Each structure stands twice: as C-alpha cells, then as structure tokens.
Amino acid sequence: MTPAASGKRLRIVIATLACAGLLAAVAAALLVYAGVYDISATRPHTAPVHRTLELALERAVRVRAADIAAPALDAARATRGEAIYRQHCVQCHGAPGEAPQPFALGLNPAPPPLVESRRHWSAAELFWIVRHGIKMTGMPAWQYRLADEEIWDVVAFLAVMPEIAPADWQARPPSPPRPVAPATAAAAAQRAADPRAGRAAMQQYLCATCHTIPGVTGARNQVGPPLGGLATRGFLAGRLPNTAENLAAWLREPQRHAPGSAMPDLHVSEQDARDMAAFLYTLVED
C-alpha cells in the first residue's frame, strides 16, 4: 500500500470514528431530553450503570487515598470515634442491631452498613471518603464539620465495630452531644484566606441552594440576593460596612448581626468564613 493510500485510509478511519462518536453523543442527548432514563429513587440503576458507578467510585478513592499515611488507630481513638459515630453516622448507616433512620431507608444508592467497611477499604481510603464525601450519594464531606483527628477517630471505631454485639451496643450509655463546630477545628492554626477553598465551601454550607453565585455550579437560586458584585456594595445586610472582616463575621453569625434575617446560622468555621469572604470578594461583577 502506497503512503498516499495509507494516509487516505487513516483519514477515513478517523472520520468514521468521529462521526460515530458524534452520533452517540446526539443519541445520548436525545435520550436525556426525552426523559427516558428513570431517575426516581424508587427504581435502582440498571446493572451496567450500577457497576460502572461502583468501579468509578472504587478507582477514584483508591487513587486519591494512595498517599495518605494513617496514624496509630488505638483504643482511645476508637472510643472517641464511637461517640462521633453515634451522633453523626448511625442515622444513615445504622449500627449492630440498630437500623438507620427512616429518611435513610429511601436513599438511592442506599447508605451501606459499615460493619464490614474495613474488609473492603483501607484506613486511608475510609479517611478520604469520610473527609471528602461522595457526590450523588448523600454522603457529605465531613471536613467542614469534623477535624481530621476526629475523622481518624471514626476510622478507628469502624475497625472495632464488627466486634460489638447488638446487645452490647444497645446497652452502652448514650454519648454526650458534641458541638456542631468542633473545638479542635476552631483551635487550629489559621492559614491565609484561600478563594479556591472558599468557592468549595460555598457549596458545602448550602449557599448554592439560596443564592445565584457566579463560578459555583448549580447556584442559580433566588431565595436570597445574588452574590455577584458583592465586593462593590457599600453595606452587608443593609447594616454592616462591607469589609472582609465584617463579611466573615456575617457568614459565621448572621442572626447575631441581623436578628430575624432569613439567613440561618450554618455553623461556619472561622477559617471557612475567611475563605468564603475571600472568594466573594473576587466577584466584582454581577
């Protein structure tokens, strides 16, 4: 075959593959627009979709947790982790002899029982999952509610939970309530405000559910005022001079600065508030 003929064949193959890809994209778009795929929580994904999502989850976690070094997961950690698990995790994942709360029974995908989690995931992988969460599953990113040391405590407890008999779990005294914003996180050394971290925090604290926020995916809501151009406004909530310090204070305690405001107290940590303020100050235009 001459070089010219070989080149022509290659161009034909490339063009054929491009057309096939384009047709597949158009077909997928038509199926989506037609509402063919059932996204209701009352019906599971098809087996191929379910397996694909499982594989994507497994590979994503293993790759990102590969460089995490686990500390010593001793009995003291496990004891602290049990208290955290009882307050924040049992509602969705259950415990020995204890079912999840009714709202969790309707989630799809269903929150897995964590009794055998250490058989499938390493300690580092569990830490990554708890810290960063998993999108489109209902699993939140706990890095905004727990300090890293507390997340390791939970991982330590998951290792010993299989040894707890249901009767023993029920007989254990209830753990005292913990503050939503952990003292260990509040006492951590403050770093410089980071606009990129602030953009991520805007979603984690549900800002995107009420406001239109340029640069934040899904933030197209009008419950609260749009946040584009906030840096150019003279006042915050109509009463606070617009400074970075006041904006961070407003994000942390809106009800204190404007009692009766529709803006709820979301228990934003000091660092997250500073990051969010830094991000909002980059939005110079509506």
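Basis of the calculations
- Residues numbered from 1 in each chain as written.
- Predicted model: local features only at pLDDT ≥ 70, side-chain atom pairs only at ≥ 80, totals over all residues.
- Heavy atoms only, no water.
- Core = buried A, V, L, I, M, F, W, Y, C linked by side-chain atoms within 4.5 Å.
- Buried < 20%, exposed > 50% of the residue type's maximum accessible area, 1.4 Å probe, protein only.
- Helix = DSSP H or I, 4+ residues; strand = E, 2+ residues; numbered from the N terminus.
- Contact = heavy atoms within 4.5 Å.
- Salt bridge = Lys/Arg side-chain N within 4 Å of Asp/Glu carboxyl O.
- UniProt positions renumbered as here; feature names shortened; annotations may be inferred.
- Expected span 1.5 Å × (residues − 1).
- Patch = residues over 30% accessible without salt bridge, like charges linked within 9 Å, V, L, I, M, F, W, Y side chains within 5 Å.
- Areas by Shrake-Rupley, 256 points an atom, 1.4 Å probe, with all protein chains shown as cover.
- Phe/Tyr/Trp six-rings, centres within 6.5 Å; stacked < 30°, edge-to-face > 60°.

Enquirer: Which residues make up the nonpolar core, and what are the values?
Expert: The nonpolar side chains of soluble globular proteins are, as a tendency, buried together. Counting residues in each nonpolar core, the largest one holds 28 residues, and the members touching the most others are Tyr-85, Ile-129, Leu-158 and Trp-169. Looking at this core, the elements with two or more residues in it are helix H2 (47-65), helix H3 (75-88), helix H7 (123-132) and helix H8 (148-160). Sequence-distant contacts of Trp-169, that is, excluding residues within four places in its chain, are made with Glu-82, Tyr-85, Arg-86, Val-90, Ala-95, Pro-96, Glu-98, Phe-157 and Ile-164. The next biggest cluster of nonpolar side chains, apart from the first, holds 27 residues, and it includes Tyr-205, Leu-230, Leu-236 and Ala-277.

Enquirer: I'd like a rundown of the pattern of salt bridges, residues and numbers included.
Expert: For the coordinates displayed, the defined rule picks out 13 salt bridges. For Glu-58, the salt bridge identified is with Arg-62, shortest N-O distance 3.7 Å. Here Glu-58 and its partner Arg-62 are both found in helix H2, four residues apart, which amounts to about one turn of the helix. When its relative accessible area of 22% is taken as the criterion, Arg-62 is described as partly exposed.

Enquirer: Tell me about the UniProt feature "domain: Cytochrome c" (unreviewed entry) in the chain, residues and numbers included.
Expert: As recorded in UniProt, the sites labelled "domain: Cytochrome c" (unreviewed entry) are residues 76-162 and 193-284. Along residues 76-162 one finds 55% helix and 0% strand; the C-alpha atoms at either end are 17 Å apart. When the span residues 193-284 is considered, its composition is 37% helix and 4% strand, and the gap between its end C-alpha atoms is 18 Å.

Enquirer: Can you explain H3? Please cite residues and give values.
Expert: For H3, which comprises 14 residues, the first-to-last C-alpha distance of 20 Å matches the rise-based estimate of 20 Å (1.5 Å per residue) to within 8%. The complete set of buried residues in H3 reads Arg-77, Ala-78, Gly-81, Glu-82, Ala-83, Ile-84, Tyr-85 and Arg-86. Where H3 is buried, its residues contact helix H4 (90-93), H8 and helix H9 (166-171).

Enquirer: Tell me about the environment of Ile-129, residues and numbers included.
Expert: Of note, Ile-129 is situated in helix H7. C-alpha of Ile-129 to C-alpha of Arg-64: the two residues are 65 residues apart in sequence and 9.8 Å apart in space. Excluding its chain neighbours within four sequence positions, the residues that come into contact with Ile-129 are Val-61, Trp-121, Ile-134 and Met-139.

Enquirer: An account of helix H14 (residues 270-280) is needed here, citing residue identities and associated values.
Expert: Of all eleven residues making up H14, eight are buried, and the element is well covered by its neighbours. By the burial criterion, the buried members of H14 are Gln-271, Asp-272, Ala-273, Asp-275, Met-276, Ala-277, Phe-279 and Leu-280. Taken together, the buried residues of H14 touch helix H11 (195-204) and helix H12 (244-252).

Enquirer: Lay out a nonpolar patch on the surface with the relevant residues and their values.
Expert: A cluster of nonpolar residues, Leu-22, Val-26 and Leu-30, forms a patch on the protein surface that exposes about 300 Å² of accessible area. One can find Leu-22 in helix H1 (residues 3-33). The exposed category is assigned to Leu-22, whose relative accessible area is 55%.

Enquirer: Just give me the short version of the packing of aromatic side chains, but keep the residues and values in it.
Expert: In the structure shown here, the tally under the stated rule is five aromatic pairs. Relative to Trp-169, the ring of Tyr-85 lies with its centre 6.4 Å away and its plane at 85 degrees, an arrangement referred to as edge-to-face. Of this pair, Tyr-85 sits in helix H3 while Trp-169 sits in helix H9, placing them 84 residues apart in sequence. The buried category is assigned to Tyr-85, whose relative accessible area is 0%. Where Phe-127 meets Trp-152, the ring centres are 4.2 Å apart and the plane angle is 10 degrees; that geometry is what we call stacked. You can see Phe-127 sitting in helix H7 and its partner Trp-152 sitting in helix H8, a full 25 residues away along the chain. Each member of the pair, Phe-127 as well as Trp-152, carries the same accessibility label: buried. In textbook terms, an aromatic cluster arises when at least three aromatic residues are bridged by ring pairs, as seen for Tyr-85, Phe-157 and Trp-169.

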